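# Geometric and topological summary
Listed here are the chains, written in short residue letters.
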Amino acid sequence: MSRRFAAVDLGASSGRVMLADLSEGLSLTEAHRFPNGPVRVAGRLYWDILGLYREILTGLRAAGPVSSIGVDSWAVDYALLDASGAMLGNPVHYRDDRTAGVAERVAASVGAESLYDVSGLQVLPFNTVYQLLAEPRLGDAATMLLIPDLIGYWLTGEAGAEVTNASTTGLLDVRTRTWARPLVKQLGLPEGILPPLRQPGDLLGGLRRDVAGEIGWSAPVRVVGSHDTASAVVAVPAAAPVSGPAFAYVSCGTWSLAGVELPGPVLTPESRAANFTNEAGIDGTVRYLRNVMGLWLLQECLRAWPGSDLGELLKAAAGERPFAAVVNPDEPVFLPPGDMPARIATECRRTGQRPPASPAAYVRCVLESLALGHREAVRQAMALSGRDVEVVHLVGGGSRNELLCQFTADACGLPVVAGPAEATTLGNVLVQARAAGLVSDLEEMRALVAASQPLRRYEPSGARADWDEAASRVF
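Worth saying up front: this structure is predicted, and the values here are computed from it rather than measured. (Residues numbered from 1 in each chain as written. Predicted model: local features only at pLDDT ≥ 70, side-chain atom pairs only at ≥ 80, totals over all residues. Heavy atoms only, no water.)

All of the buried residues along helix α2 (residues 102-110) are Val102, Ala103, Val106 and Val110. The buried residues of α2 occupy one face: seen down the axis, they fall within an arc of 95°. Facing away from the buried side of α2 by more than 90 degrees, the exposed set consists of Glu104, Arg105 and Ala108. The inward-facing, buried residues of α2 contact α3 (112-119), α4 (128-133) and α7 (181-186). One or two positions beyond α2, positive phi appears at Gly111, with a value near 105°. (Buried < 20%, exposed > 50% of the residue type's maximum accessible area, 1.4 Å probe, protein only. Helix = DSSP H or I, 4+ residues; strand = E, 2+ residues; numbered from the N terminus. Arc of directions from axis to C-beta. Contact = heavy atoms within 4.5 Å.)

If you want it as structure tokens, here you go:
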């Protein structure tokens, strides 16, 4: 039996097809990487989903024959299909402004408490439930498929909704992990568009004949933790089981998802007021976390400085004056694409601070602000869940940013273990490997990651009082 697996991993700024080999340990090879970003047409922001699918096929062709394929992506966004299975239009990007005011109207009509008690989901303006209520094509739709489920459908012809990603829609009952049909009906949404739920590890189906012909080989597609954060948390290299001494995690890329892993949801009024979310993880776990704006702030700054070198900026930022200016990274003004340095400057002035004076100073501001956001989320996750934390695992692309990792350790006052950078891919392939009988449980998966992937530990340093003072300016 082959021990090679392909992971299709679509992030909000890039996608990749990765090849994993479990013949001796666990090794990864990049088959194909490609950019991903919004396309604005007539004032609306879309994903180029057909272009992404083309790149996926290119990557699978390069990967060669494997035991199975798994697909994960960012959450909340979807495509609508008609009764014939044809897509009704390009998926709208979650940063589009079409949902402005929808969350407030839903809270007024249904009740914020009722929504949270059912879904356990934090209020974000782009949650799927709000997008659907702003959707003009809903009456023509037969099926709604979230992005990884859409790719899986195009690959196999089989439709479904993987549960970890479905839990980000606001339409899944967090206790039963089934569609919350009474809530769907109360919201006036058509129940028939919700496809059957599937679990990580389920067999989705074999490749369609035309797809197999195009890439030159055939293999089954296996359902994984298709929300990229669910897959990333699978690959957190922690020794403790879910019920043991806790670790916190920060899955850091375009977004930072910061929280703890729990055996069940936290649905208290205090949790709702803190805007914490209860998303489904694999094996019945709950990802109790809050979204922090993440490296999007830095990505947009770099876009405003054409030709700038990130490595040089990071070196210069390390020498900038600490805490000259910080912002709350979760301010709504930072959500849409645009001139991020100008927005940061405006926010600094609003909070009585002098804006950064150079690109390096902006980078320092962004990284210190993200570290403060990580600290706030981790501390609240501990308090609201009653779970003590001894270490923070920072995984994803942000684990390569040494300055951010050190700042996060300093801000949290806890050791940070950074890596693996490709946590999402690893979690994707480990669920496939378990379905193939190569690994057993979550603990063994994480032990394999810890033994095979490069990790770096950062100890907290510096004055805790300085971080406290900086946090007091913005939280």
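So much for the structure itself; the text now carries on.
For the rest of this paragraph, the subject is unusual backbone geometry. Note that the residue after Gly419, namely Pro420, is joined by a cis bond; omega there is 5°. Within the fold, Pro420 resides in the loop between β20 (416-418) and α16 (423-435). Of note, Arg177 is a non-glycine position whose phi angle comes to about 55°, a positive value. For Arg177, the position within the fold is in the loop between β10 (172-173) and β11 (178-179). Backbone geometry at Asp283 places phi at a positive 60°, although glycine is not the residue there. In this structure, Asp283 sits in the loop between β17 (277-280) and β18 (286-292).

The relation between two aromatic rings is expressed through the spacing of the ring centres and the mutual angle of the planes. Throughout the structure, instances matching the rule amount to ten aromatic pairs. An aromatic cluster of three or more residues is present, and its members are Trp47, Trp74, Tyr94, Phe126 and Trp255. Sitting above the plane of the Trp296 ring, Arg95 keeps its charged end 3.6 Å from the centroid. (Phe/Tyr/Trp six-rings, centres within 6.5 Å; stacked < 30°, edge-to-face > 60°. Lys NZ or Arg CZ within 6 Å of the ring centre and 35° of its normal.)

Fair warning: the whole summary comes from geometry, so function is off the table for now.
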